[in-house]
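Here is how the chains run, residue by residue.
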Amino acid sequence: MAEHLEPKKRKSGMQAALVIDRPVVLVGMMGVGKTSIGKRLADRLGAPFVDADDEIEKAAGLSITEIFAKFGEAYFRDGERRVIARLIEGAPKVIATGGGAFVNDETRILILERATSIWLNADVHVLADRVSRRSHRPLLQGKDPVTVLTDLGEVRNPLYAAANIHIRSDTSPHGRTVENILKALCA
């Protein structure tokens, strides 16, 4: 495994800011808040934010739902791996991944070797409440979110557990989750 370089603190006036020297990649189930927390985290770190799903859609010229419908999940996961590999290169940034990205062995190894991975974990009922507000999730189309998320969690949670840092996401404001991430990055 690649050497993990610890984040440094940089003095900026009276306030110390955390400086990251490698990408921070957020992983976890759909609805856990990777994008909204990731944007806030990037702002606090003074780093760029990138949503891997947005980048996949740009690269394909199709929505994720369309990619799944036309080509299937295996095709999508291969494109997702290539996009994440590209995003990890270059200046350190905060990257939100799709819920299934870290499940792919090649993608998980890539993230673990070249980034600081953070597993955002939440109770299945919190996730179900969040995902029920939007209809763009292909794996939930026409299905009960609690059942799907419970089944996915049984498979995915042991893989997410390989992440460098584990953070609980609950019904508290996302700002509190960001504070918990910053504390963990400094530890």
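That block above? That's the structure.
These lines cover the structure that appears in this document, whether it is placed above or below. (Residues numbered from 1 in each chain as written. Predicted model: local features only at pLDDT ≥ 70, side-chain atom pairs only at ≥ 80, totals over all residues. Heavy atoms only, no water.)

Now for the packing of aromatic side chains. All chains considered together, the criterion is met by 3 aromatic pairs. Here the aromatic rings of Phe-68 and Phe-76 are separated by 5.0 Å at their centres, their planes lie at 45°, and the arrangement is tilted. Per residue, the accessibility class of Phe-68 equals that of Phe-76, and both read buried. Where Trp-119 meets Tyr-160, the ring centres are 5.9 Å apart and the plane angle is 40°; that geometry is what we call tilted. (Phe/Tyr/Trp six-rings, centres within 6.5 Å; stacked < 30°, edge-to-face > 60°. Buried < 20%, exposed > 50% of the residue type's maximum accessible area, 1.4 Å probe, protein only.)

Sheets are built from strands paired through backbone hydrogen bonds, the pairs being either parallel or antiparallel. Reading across the sheet, the 5 strands line up as β4-β5-β3-β6-β7 and stay open at both edges, with parallel pairing between neighbours. Edge positions in the sheet fall to β4 (49-51) and β7 (165-168), since each has one partner strand and no second. When strand polarity is set aside, the average angle formed by the axes of neighbouring strands in this sheet is 25°. Contacting β4 and β5 (94-96), helix α2 (residues 52-60) crosses the sheet at an angle of about 60° to β4. (Pairing = 2+ DSSP bridges. Helix = DSSP H or I, 4+ residues; strand = E, 2+ residues; numbered from the N terminus. Axes fitted to C-alpha atoms, helices over the stretch in contact; angles between N-to-C directions. Contact = heavy atoms within 4.5 Å.)

Strand residues, when the strand is regular, have side chains that alternate between the two faces of the sheet. Only one face of β7 is covered, namely the one carrying Ile-165 and Ile-167; the face carrying His-166 and Arg-168 has none of its residues buried. Taken together, the 4 bridges between strand β6 (residues 116-121) and β7 define a ladder with parallel strand orientation. By the bridge assignment, Ile-118 is partnered in β7 with Ile-165.

Our focus in this paragraph is the packing of helix α1 (residues 34-45) against helix α8 (residues 174-186). Where α1 contacts α8, the two axes come as close as 9 Å, and the packing angle between them is 55°. The angle between the axes of α1 and α8 places the two elements in the oblique class. In the packing of α1 onto α8, the handedness of the crossing is right-handed. Contacts between α1 and α8 pair Ser-36, Ile-37, Arg-40, Leu-41, Arg-44 and Leu-45 from the former with His-174, Gly-175, Thr-177, Val-178, Glu-179, Ile-181 and Leu-182 from the latter. The class makeup of the residues in the contact of α1 with α8 is 6 nonpolar, 4 polar and 3 charged. (Parallel < 35°, antiparallel > 145°, perpendicular 65-115°, else oblique. Left-handed = near helix turned anticlockwise from the far one by under 90°. Nonpolar A, V, L, I, M, F, W, Y, C, P; charged D, E, K, R; others polar.)

Core analysis: the largest hydrophobic core is formed by 54 residues, its most contacted members being Leu-41, Leu-45, Ile-118, Leu-120, Leu-149 and Ile-181. Once you skip the residues sitting within four places of it in the chain, Leu-149 turns out to touch Met-29, Met-30, Val-124, Leu-127, Ala-128 and Val-131. (Core = buried A, V, L, I, M, F, W, Y, C linked by side-chain atoms within 4.5 Å.)

Attention now moves to the pattern of salt bridges. Tallying each qualifying case throughout the model produces 10 salt bridges. Here Arg-44 makes a salt bridge to Glu-179, at a shortest N to O gap of 2.2 Å. In this pair, Arg-44 is assigned in helix α1 and Glu-179 in helix α8, connecting sequence segments 135 residues apart. Arg-44 sits in the partly exposed class, given a relative accessible area of 42%. Glu-73 is paired through a salt bridge with Arg-77; the nearest N and O atoms lie 3.1 Å apart. On the criterion of helical spacing, the pair formed by Glu-73 and Arg-77 is a turn pair, its members being 4 residues apart in helix α4 (residues 73-88). By relative accessible area, which is 34% here, Glu-73 ends up partly exposed. (Salt bridge = Lys/Arg side-chain N within 4 Å of Asp/Glu carboxyl O.)

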